[in-house]
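# Residue-level structural notes
This is what each chain is made of:
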Amino acid sequence: DVKVTQSSRYLVKRTGEKVFLECVQDMDHENMFWYRQDPGLGLRLIYFSYDVKMKEKGDIPEGYSVSREKKERFSLILESASTNQTSMYLCASSTPSLAEAFFGQGTRLTVV
Amino acid sequence: AQSVAQPEDQVNVAEGNPLTVKCTYSVSGNPYLFWYVQYPNRGLQFLLKYITGDNLVKGSYGFEAEFNKSQTSFHLKKPSALVSDSALYFCAVRDIWNDYKLSFGAGTTVTVRA
């Protein structure tokens, strides 16, 4: 069964902290994505990666960075968390083909 | 740039009645179109997709969607809604020339009343 696993379901961090969100997929997919989900705005793409050590900015990369050292793992980093980064974060993976993307269960991050 | 519009924030229907969730899209080339569903505090689950071929696509849980190129629409439909269909539904598009990026609409909350 296909699986994308995010390391935390709920996270509370303080303003200014460095935050790591981890995502692992077991499908050998080339593409991995980080989205944030906010009410009324849908899902917005933060960063994506199409290969190990490769990354591309999405629509809202400011305040975020990513790391992909291994094919199965894609990390989202908040260098200095701010309250406006309180959101639901969703990781996804896909093959570079016509296939759909598979999503993790999401991490609800609260920055106080 | 590619984009998706879901014109209705909320859709309310009675159980047993037909359900329609609307979606229109904009891409520069030919589109790949997807519908996903999200239950509370969960990730997104894939429902169905249109790549090519028949304009009517059938998917999971009795859902189907119709691709209309002239109207740039991909509306989700279910002939007889269930209370368990109550969830948040997202339409998404991928441009054939921009294989990586999947763009989502704002989502439509469906409530099916018993």
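Scroll up to find the structure this text is about.
Basis of the calculations
- Residues numbered from 1 in each chain as written.
- Chains lettered and ligands numbered in written order.
- Predicted model: local features only at pLDDT ≥ 70, side-chain atom pairs only at ≥ 80, totals over all residues.
- Heavy atoms only, no water.
- Helix = DSSP H or I, 4+ residues; strand = E, 2+ residues; numbered from the N terminus.
- Rg over C-alpha atoms; globule rule 2.2 N^0.38 Å.
- Pairing = 2+ DSSP bridges.
- Axes fitted to C-alpha atoms, helices over the stretch in contact; angles between N-to-C directions.
- Contact = heavy atoms within 4.5 Å.
- Buried area = accessible area lost by both parts, 1.4 Å probe.
- Salt bridge = Lys/Arg side-chain N within 4 Å of Asp/Glu carboxyl O.
- Nonpolar A, V, L, I, M, F, W, Y, C, P; charged D, E, K, R; others polar.
- Disulfide = S-S within 2.5 Å.
- Buried < 20%, exposed > 50% of the residue type's maximum accessible area, 1.4 Å probe, protein only.

On a plain count of helices and strands, chain B comes out with zero helices and twelve strands. Starting at the N terminus and walking to the C terminus, you meet the elements of chain B as β-β-β-β-β-β-β-β-β-β-β-β. For chain B, whose C-alpha radius of gyration is 14 Å, the value lies close to the compact-globule estimate of 13 Å for 114 residues. Judged by the C-alpha coordinates and their principal axes, chain B covers about 45 × 30 × 20 Å.

Residues and elements named next belong to chain A. Across the sheet, four strands lie side by side as β1-β3-β8-β7; this open sheet has antiparallel pairing. On the outer flanks of this sheet lie β1 (4-6) and β7 (64-70), each paired with one strand and no other. Each strand of the sheet is rotated relative to its neighbour by a mean of 20°, with strand direction disregarded. Direction of pairing for β1 relative to strand β3 (residues 19-25): antiparallel, over a ladder of three bridges. Its bridge partner being in β3, Thr-5 is matched across the sheet by Val-24.

A few words on the interface of chain B and chain A. If you look at the interface, chain B gives 21 residues, while chain A gives 26 residues. In total, chain B and chain A occlude about 1900 Å² of area from one another, counting both sides; carbon and sulfur atoms represent 54% of this. Linking chain B with chain A are one salt bridge. Taking the shortest distance from any N to any O, the salt bridge between Lys-49 of chain B and Glu-100 of chain A comes out at 3.2 Å. Elements that contribute at least two residues to the side of chain B that touches chain A include exactly β5 (31-38), β6 (44-50) and β10 (87-95) of chain B. With four residues, the top contributor of residues to the side of chain B that touches chain A is β5 of chain B. Among the residues making up the side of chain B that touches chain A, the classes are represented as twelve nonpolar, four polar and five charged.

A separate point is the state of the cysteines. Enumeration according to the criterion identifies two disulfides over all chains in this entry. Here Cys-23 of chain A engages in a disulfide with Cys-91 of chain A; their sulfurs sit 1.9 Å apart. Across the S-S bond linking Cys-23 of chain A and Cys-91 of chain A, the dihedral sits near -80°, which makes this disulfide left-handed. Highlighted residues: Cys-23 of chain A in strand β3 and Cys-91 of chain A in strand β9 (residues 87-94), separated in sequence by 68 residues. One exposure class covers both Cys-23 of chain A and Cys-91 of chain A, and it is buried. Across the disulfide, Cys-23 of chain B is cross-linked to Cys-91 of chain B (sulfur-sulfur distance 2.0 Å). Here the S-S torsion is close to -65°, and the disulfide linking Cys-23 of chain B with Cys-91 of chain B is therefore left-handed. You can see Cys-23 of chain B sitting in the loop between β3 (19-21) and β4 (24-26) and its partner Cys-91 of chain B sitting in strand β10, a full 68 residues away along the chain. The same class applies to Cys-23 of chain B as to Cys-91 of chain B, namely buried.

All names here are of chain A. Per the stated rule, a full pass over the model turns up ten salt bridges over all chains. We note a salt bridge from Lys-71 to Glu-30, for which the minimum N-O separation is 4.0 Å. Of this pair, Lys-71 sits in the loop between β7 and β8 (73-78) while Glu-30 sits in the loop between β3 and β4 (31-38), placing them 41 residues apart in sequence. Taking the relative accessible area as the measure of exposure, Glu-30 reaches 30% and is therefore partly exposed. Salt bridges sharing partners connect three or more residues here, namely Asp-28, Glu-30 and Lys-71.

Of note, Ser-87 of chain A is situated in strand β9. Not counting residues up to four positions away in its chain, the partners in contact with Ser-87 of chain A are Arg-36, Gln-37, Asp-38, Thr-107, Arg-108 and Leu-109 of chain A.

Here we come to the pairing of β3 of chain A. All names here are of chain A. Only one face of β3 is buried, namely the one carrying Val-19, Leu-21, Cys-23 and Gln-25, since none of Phe-20, Glu-22 and Val-24 on the opposite face is buried. Bridging between β3 and β8 involves six bridges; their strand directions are antiparallel. Paired with Glu-22 across the bridge in β8 is Ser-75.

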